[in-house]
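In case you want the letters, here they are:
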Amino acid sequence: MNGKKIAIALAVIAALVLFLSLDLGRFFTLEALKENRQTLLDYYRNHRVGMVVGFMAVYIVQTALSLPGAAILSLTAGAIFGAVMGTVYAVIAATIGATLAFLVTRYLLRDAVLSRFGPKLERINRELEERGLNYLLFLRLVPVFPFFLINLAAGLTRLPLRTFVIGTLLGIIPGGFVYCNAGASLATITSMGDVASPRVLGSFALLGLFALVPVLYGKIKKAGTRDP
């Protein structure tokens with residue numbers, strides 16, 4: 001590992017230690033958001049650009065370091081900026097943060113992992129290279145795997161960066177809007193379960209299945225051409 005990789009690894013570790021030692025997670029709760037919402041709104045009225053930049057910076061760091069609090073940050077975006085603009089800011093920030101996590105994983109860990117597990121990852125790599133966008137959209141839309149885990153796992157494959165960015169940006173828009181829209185009506189939310197209802201999760205699952213339709217069609221068509 002060269003000096004640049006060591007520096008990046010140390011910076012990530014230092015940020016994680018700082019987050020845990022200062023117990024910054026206490027600010028990423030529904031109770032803290034409700035308690036400080038008016039203060040945040042007042043600051044936004046007087047410093048609009050600064051508030052947007054500051055919020056997006058926090059969201060990018062949180063996502064890049066795979067820290068807890070993404071759902072609360074999306075609710076915060078809706079509570080401060082409204083459902084539409086909150087979704088825009090949250091989705092852009094989350095995409096940038098996810099891309100950074102993807103690059104750090106690929107830059108620091110990819111070669112070592114592939115040297116050991118290369119043959120086992122070959123089939124996954126091939127599928128992602130051929131139909132990566134559809135698979136990634138499915139993973140982003142269907143809340144089966146944690147958001148941060150998809151970022152890290154994708155970084156270990158040969159998935160093109162452009163495909164990762166596009167798939168992430170498009171795939172998180174529905175979920176981002178749901179949370180930002182809920183944040184715009186923060187007073188009606190008593191728990192995170194009020195946002196991620198079974199109906200909402202079912203809708204995401206349906207969207208994810210639609211994303212897989214081209215993949216399944218391609219497999220069926222390919223299998224048909226091989227039949228005598």
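Source: prediction; values computed, not measured. (Residues numbered from 1 in each chain as written. Predicted model: local features only at pLDDT ≥ 70, side-chain atom pairs only at ≥ 80, totals over all residues. Heavy atoms only, no water.)

A.B. asks: An account of the packing of aromatic side chains is requested, with residue identities and associated values reported.
C.D. replies: Under the definition given, this model contains 5 aromatic pairs. Consider the rings of tyrosine 44 and phenylalanine 81, whose centres lie 5.0 Å apart with planes at 85°: the pair is edge-to-face. Residue tyrosine 44 is located in helix 2 (residues 30-46), and its partner phenylalanine 81 is located in helix 4 (residues 70-81); the two are separated by 37 residues in the primary sequence. Between phenylalanine 55 and phenylalanine 81, the aromatic rings sit 5.5 Å apart at their centres with planes inclined by 70°, giving edge-to-face as the arrangement. With phenylalanine 55 in helix 3 (residues 48-64) and phenylalanine 81 in helix 4, this residue pair connects regions lying 26 residues apart in the sequence. One exposure class covers both phenylalanine 55 and phenylalanine 81, and it is buried. Through a chain of ring-to-ring contacts, three or more aromatic side chains come together here, namely Tyr44, Phe55, Tyr59, Phe81 and Tyr89. Lying over the aromatic face of tyrosine 44, arginine 48 brings its terminal NZ or CZ to 4.7 Å of the ring centre. (Phe/Tyr/Trp six-rings, centres within 6.5 Å; stacked < 30°, edge-to-face > 60°. Helix = DSSP H or I, 4+ residues; strand = E, 2+ residues; numbered from the N terminus. Buried < 20%, exposed > 50% of the residue type's maximum accessible area, 1.4 Å probe, protein only. Lys NZ or Arg CZ within 6 Å of the ring centre and 35° of its normal.)

A.B. asks: Please set out the pattern of salt bridges residue by residue, giving values where relevant.
C.D. replies: In total, this model carries 1 salt bridge according to the counting rule given. The closest approach of N and O atoms between arginine 45 and aspartate 42, which form a salt bridge, is 2.6 Å. Note that arginine 45 and aspartate 42 are positioned in helix 2 at a spacing of 3 residues, about one turn of the helix. Aspartate 42 gets classed as partly exposed once you look at its relative accessible area, which sits at 35%. (Salt bridge = Lys/Arg side-chain N within 4 Å of Asp/Glu carboxyl O.)

A.B. asks: Which residues make up helix 7 (residues 161-171), and what values do they have?
C.D. replies: Those residues of helix 7 not exposed but buried are Thr163, Phe164, Gly167, Thr168 and Gly171. Mapping the buried residues of helix 7 onto a view down its axis gives an arc of 120°, with all of them on the same face. (Arc of directions from axis to C-beta.)

A.B. asks: Just give me the short version of the confidence of the model for the protein chain, but keep the residues and values in it.
C.D. replies: Across the protein chain, the average pLDDT comes to 80, with 76% of residues at 70 or higher. The spread of mean pLDDT over the elements of the protein chain runs between helix 9 (residues 198-226), the lowest at 58, and helix 3, the highest at 95. (pLDDT = per-residue confidence, 0-100.)

A.B. asks: Tell me about a nonpolar patch on the surface, and name the residues and values.
C.D. replies: Taken together, Val84, Met85, Val88, Ile92, Ile96, Leu100, Leu103, Leu161 and Phe177 make up a surface patch of nonpolar side chains, about 700 Å² in accessible area. Sorting elements by how many residues they give to the nonpolar patch places helix 5 (residues 83-141) first, with 7 residues. Structurally, the position occupied by valine 84 is in helix 5. A residue is classified by how much of its surface remains accessible, and valine 84, at 58% relative accessible area, is exposed. (Patch = residues over 30% accessible without salt bridge, like charges linked within 9 Å, V, L, I, M, F, W, Y side chains within 5 Å. Areas by Shrake-Rupley, 256 points an atom, 1.4 Å probe, with all protein chains shown as cover.)

A.B. asks: Tell me about helix 2, and please be specific about residues and values.
C.D. replies: Helix length check: helix 2, at 17 residues, gives a terminal C-alpha distance of 24 Å against a target of 24 Å (1.5 Å per residue), a fit within 8%. Buried residues of helix 2: Leu30, Ala32, Leu33, Leu41 and Tyr44, and no others. At its buried positions, helix 2 is contacted by helix 3 and helix 4. (Expected span 1.5 Å × (residues − 1). Contact = heavy atoms within 4.5 Å.)

A.B. asks: Requested: an account of unusual backbone geometry, with residues and values cited.
C.D. replies: Unlike most non-glycine residues, serine 66 shows phi in positive territory, near 55°. Along the chain, serine 66 falls in the loop between helix 3 and helix 4.

A.B. asks: Any chance you could break down the nonpolar core for me, citing the residues and the numbers?
C.D. replies: In this structure, Phe55, Tyr59 and Phe81 are the most contacted members of the largest nonpolar core, which totals 22 residues. For this core, the elements supplying multiple residues, two or more each, are helix 3, helix 4 and helix 5. Take this core: its biggest share by element is 6 residues, from helix 3. Residues within four places of phenylalanine 55 in sequence aside, it is in contact with Leu73, Thr76, Ala77, Phe81, Tyr89 and Ala90. In this structure, Leu30, Ile72, Ala79 and Val195 belong to the second largest nonpolar core, which totals 9 residues. (Core = buried A, V, L, I, M, F, W, Y, C linked by side-chain atoms within 4.5 Å.)

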